[in-house]
Amino acid sequence: MKKSELLERARPHYEEDQVLDLEHAIDIATKAHEGQKRKSGEPYIVHPLSVASTLIDWGMDIDSVIAGVLHDTVEDTDTNLDQLEALFGKDAAFLVDGVTKVSQARAGMQDLAAYLPQTKDNLSKLLIAVGQDVRVIIIKLADRLHNLQTLQHMSHDKQVKIARESLEVFGPMADRLGMGRVRMEIEELAFSYLDPQAFKKLQNVVRKRLGKSTRKLGAVREEISKVLEKENIKAEINGRVKSIYSLHKKLKKVDGNMDDIYDLMALRVIVETKEDCYRVLGILHSLYQPMISRIKDYIAIPKPNGYQSLHTTVITPQKQIVEFQIRTYDMHEFAERGLAASFHYHDQKNSKDYTRNKKSAVLPTHMQWITQLQEIATKLRSGEDITSDQLNVDLFGDRIFVYSPKGDIYNLPEGALPLDFAYLVHSDIGKHAYGFRVNGAIQPFDKPLHNGDIVEVMTRKTNSPKQAWLEQVTTTHARNKLRAQLRQLGVISGISHAAAIIKQKTLIKKKEAKK
Ligand code: MN
């Protein structure tokens, strides 16, 4: 990647003065990294330019691209943030600062399973960076992707270390942001270094099987094309091949039996409207016999990262099992690019809207967890104590969907308790709760909710929150609201007291875990 190449790529997407700024940034970075070399022997500047180029491909705004060019200058050269701010403005400098902090934090989070208190500070930095601006993580993903693409120049030990960290931290991070294509690229590269033998073996298996199934699927595809045309549905039908790493993960679940893998190759039907998605599903089910347990409506109920599609698996008259994914072009775009899609340069949004406190206003609702991160970040900054447990849950824990009796959907972390739900609906509902009915049956305050539960909160105006409730909430949101109410009622005196209770609770939990 050369300066001229990068500018060529940028020109069609940004204003003239923005491209000038970018050129300026390239010059500054080139000078700052002068004399430094990558392990490959190439001049160091090749790396930040490649990162910036990836960010252009992902459709990021100009501040992100400029920050991509400058992302290693503060950490690795004499350049400082004040200089960058004076030259390229607050936003770009802020992003470079965030990326630098994440790099520092990374050192402390090689093993997600071992989030011990001593890594908390590093993790906090990471969270604060994420909480303030999610573009920091997107730049970091582009950075990691290029490092993986050039991993062959590293020592074996370094390769393994970076590959493992990529699978444990960066893959899930991309997934959290709904960036499916990036997640897959990261996982494939990382897995090929972490377990080269398994990778090659699976690659061969897939190659062999694919030839066969491509031929068979061809007939199915043609048949569907014809029917859809007759029904006047404009559709694009593609084959989607399962990635090696997700195949590896799935094989582990089915004890290594390839015959249990139905979706090695799936057919993807892309249509123009949501209505067409359901029509296509109906047509498929009238043509072939569906496997009932494998029908998934991620359009009505998107995955927590915002992914939408209809999934179904059918059996053809030739006894062939075929998986389908049906989605609109918009859903497809989001599935591939995720949150990066919302920073799109074509939208010409004011990049300030995305930063700091304003961000939650523009984030799609299914990205609630980012808002929760911001809450945690605010607490960390104000010096309040957070257990590493909480950090884990909110960043990487799985999430569940539960329903109100009216059918409204709410998104909670796994293990959430009824009061968490009540406070999520409204702090007044939480305040006046005296009981819960889950799927029609009375449920105690301390029993966790499950995916798909219908939760009814029974309230009474005369009811008020109790101190013991602090042990019956798990989310930061509910705890904050509850604590504020308790303080108002004079039940607890201040932050320190509540923090003490949480600490005590954590200790009890730890003791229980030891038993
Ligand atoms: Mn870098």
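Scroll up for the structure.
What comes next is a walk through the structure. These figures come from a predicted structure and were not determined experimentally.

## Notes on the overall build of the protein chain
Piece 1. For the protein chain, the helix and strand inventory stands at 21 helices and 11 strands.
Piece 2. Counting the 515 residues in the protein chain, one finds 51% classified as buried.
Piece 3. Long-range contacts, defined here as pairs at least 24 residues apart, represent 67% of the contacts in the protein chain between residues at least 6 apart.

## Remarks on the packing of helix H3 (residues 46–57) against helix H8 (residues 135–149)
Piece 1. The N-to-C vectors of H3 and H8 enclose an angle of 125°; their axes lie 9 Å apart at closest approach. Taken together, the axes of H3 and H8 are oblique relative to one another. Once H3 is placed against H8, the crossing between them reads as right-handed. Within the contact between the two elements, H3 uses His47, Ser50, Val51, Thr54 and Leu55 and H8 uses Ile138, Ile139, Ala142, Asp143, His146 and Asn147.
Piece 2. Residue composition of the contact of H3 with H8, grouped by class: 5 nonpolar, 5 polar and 1 charged.

## Looking at the coordination of the manganese ion
For a metal with four tetrahedral donors the ideal donor-metal-donor angle is 109.5 degrees, while six octahedral donors give ideal angles of 90 or 180 degrees.
Piece 1. Coordination of the manganese ion by the protein is provided by His47 (NE2), His71 (NE2), Asp72 (OD) and Asp143 (OD), with metal-donor distances spanning 2.2 to 2.4 Å.
Piece 2. Within one chain, the residues serving as donors to the manganese ion are arranged as H-x23-H-D-x70-D. One end of the pair, histidine 47, is in helix H3; the other, aspartate 72, is in the loop between helix H4 (62–70) and helix H5 (73–76), with 25 residues separating them in the sequence.
Piece 3. Residue classification places histidine 47 among the buried positions, given a relative accessible area of 1%.

## Description of the pairing of strand S9 (residues 433–438)
Piece 1. Pairing of S9 with strand S11 (residues 455–459) involves 5 bridges; the strand directions are antiparallel. Note that in S11 the partner of alanine 433 across the bridge is threonine 459.
Piece 2. Taking the residues between adjacent antiparallel strands as the criterion, S9 and strand S10 (residues 441–443) are bridged by 2 residues, where asparagine 439 takes a positive phi near 50°.

## Section: the pattern of salt bridges
Piece 1. The tally for this structure, following the rule as stated, stands at 16 salt bridges.
Piece 2. The network of salt bridges with shared partners includes Lys3, Glu23 and Asp27.

## Here's the deal with the nonpolar core
Piece 1. Of all hydrophobic cores here, the largest spans 92 residues; its most connected members are Leu22, Leu55, Trp58, Val69, Leu141, Met179 and Phe324.
Piece 2. It is helix H11 (residues 196–230) that provides the largest number of residues to this core, a total of 9 residues.
Piece 3. Two domains share this core, each providing at least three of its residues, namely domain 1 (3–179) and domain 2 (197–337).
Piece 4. Beyond its immediate chain neighbours, meaning those up to four positions away, leucine 55 contacts Met60, Ser64, Val65, Gly68, Ile138, Ile139 and Ala142.
Piece 5. Counting 23 residues, the second largest nonpolar core, distinct from the first, contains Ile400, Tyr410, Phe436 and Val455.

## Details of the sheet that holds S10
Piece 1. Pairing in this open sheet of 3 strands is antiparallel, and the strands run S10-S9-S11 from one edge to the other. Of all strands in the sheet, those bounded by a partner on one side alone are S10 and S11. Neighbour to neighbour, the strand axes of the sheet diverge by 35° on average, direction disregarded.
Piece 2. Against the sheet, helix H18 (residues 418–425) contacts S9, S10 and S11, and its axis sits at roughly 105° relative to S9.

## A closer look at the packing of aromatic side chains
Piece 1. Under the defined criterion, the tally for this structure stands at 5 aromatic pairs.
Piece 2. Ring geometry for phenylalanine 445 and tryptophan 469: centres 5.9 Å apart, planes at 40°, overall tilted. Residue phenylalanine 445 is found in the loop between S10 and S11, and its partner tryptophan 469 is found in the loop between S11 and helix H20 (476–489); the two are separated by 24 residues along the sequence. There is no split in this pair, since phenylalanine 445 and tryptophan 469 are both buried.
Piece 3. Through a chain of ring-to-ring contacts, three or more aromatic side chains come together here, namely Phe191, Phe199 and Tyr245.
Piece 4. Cation over ring: arginine 38 sits above tyrosine 44, and NZ or CZ is 5.7 Å from the ring centre.

## Some points on unusual backbone geometry
Piece 1. Here the phi dihedral of lysine 319 falls at roughly 65°; this positive angle occurs in a residue that is not glycine.
Piece 2. Of note, lysine 319 is situated in the loop between strand S5 (310–315) and strand S6 (321–328).
Piece 3. Take lysine 319: its relative accessible area is 67%, and that puts it in the exposed class.
Piece 4. Non-glycine residue asparagine 439 carries a positive phi angle of around 50°.
Piece 5. Summarising the element assignment, asparagine 439 is placed in the loop between S9 and S10.

## Looking at the pairing of S5
Residues in a regular strand project their side chains so that they alternate between the two faces of the sheet.
Piece 1. By the criterion of burial, S5 is predominantly enclosed, with 5 of the 6 residues buried.
Piece 2. As paired strands, strand S4 (residues 296–297) and S5 are joined by 2 bridges and run antiparallel to one another. Its bridge partner being in S5, aspartate 297 is matched across the sheet by leucine 310.
Piece 3. Summarising the sheet, S5 and S6 pair through 6 bridges and their orientation is antiparallel. If you follow threonine 313 over to S6, its bridge partner there is glutamate 323.
Piece 4. Linking two consecutive strands that pair antiparallel, namely S5 and S6, is a turn of 5 residues; a positive phi of about 65° is found at lysine 319 within it.

## With respect to the environment of glutamine 289
Piece 1. Inspection of the secondary structure assignment puts glutamine 289 in strand S3 (residues 289–290).
Piece 2. When the C-alpha atoms of glutamine 289 and threonine 313 are compared, they prove to be 8.6 Å apart, with 24 residues separating the residues in sequence.
Piece 3. With near-sequence residues (within four places) excluded, glutamine 289 lies in contact with Thr313, Val314 and Ile315.

## Section: the side chain of glutamine 485
Piece 1. Note on placement: glutamine 485 falls in helix H20.
Piece 2. One polar contact links glutamine 485 to tyrosine 423, side chain to side chain, over a distance of 2.7 Å.
Piece 3. Leave out the neighbours within four places in its chain, and glutamine 485 touches Tyr423, Ser427, Lys431 and Pro465.

## Focus: the packing of H8 against helix H10 (residues 180–194)
Piece 1. Orientation of H8 relative to H10, taken along the N-to-C sense of each, is 35°, at an axis distance of 10 Å. Regarding H8 and H10, the two cross each other, and that crossing is left-handed. From H8, Leu141, Leu145, Leu148 and Gln149 reach across to H10, where they touch Glu185, Ile186, Leu189, Ala190 and Tyr193.
Piece 2. Its residues assigned to classes, the contact of H8 with H10 comprises 7 nonpolar, 1 polar and 1 charged.

## With respect to the side chain of threonine 73
Piece 1. Considering the arrangement of structural elements, one finds threonine 73 in helix H5.
Piece 2. Among the polar contacts made by the side chain of threonine 73, one reaches the main-chain carbonyl oxygen of leucine 70 at a distance of 2.7 Å.
Piece 3. Beyond its immediate chain neighbours, meaning those up to four positions away, threonine 73 contacts Ala29, Ala32, His33, Thr79 and Leu84.

Thresholds applied
Residues numbered from 1 in each chain as written. Predicted model: local features only at pLDDT ≥ 70, side-chain atom pairs only at ≥ 80, totals over all residues. Heavy atoms only, no water. Helix = DSSP H or I, 4+ residues; strand = E, 2+ residues; numbered from the N terminus. Buried < 20%, exposed > 50% of the residue type's maximum accessible area, 1.4 Å probe, protein only. Contact = heavy atoms within 4.5 Å. Axes fitted to C-alpha atoms, helices over the stretch in contact; angles between N-to-C directions. Parallel < 35°, antiparallel > 145°, perpendicular 65-115°, else oblique. Left-handed = near helix turned anticlockwise from the far one by under 90°. Nonpolar A, V, L, I, M, F, W, Y, C, P; charged D, E, K, R; others polar. Donors = N, O, S within 2.8 Å, 3.2 Å for Na, K, Ca; no water. Pairing = 2+ DSSP bridges. Salt bridge = Lys/Arg side-chain N within 4 Å of Asp/Glu carboxyl O. Core = buried A, V, L, I, M, F, W, Y, C linked by side-chain atoms within 4.5 Å. Domains from an automatic or database assignment. Phe/Tyr/Trp six-rings, centres within 6.5 Å; stacked < 30°, edge-to-face > 60°. Lys NZ or Arg CZ within 6 Å of the ring centre and 35° of its normal. Polar contact = N/O pair within 3.5 Å; in protein donor to acceptor, adjacent residues only side chain to side chain.

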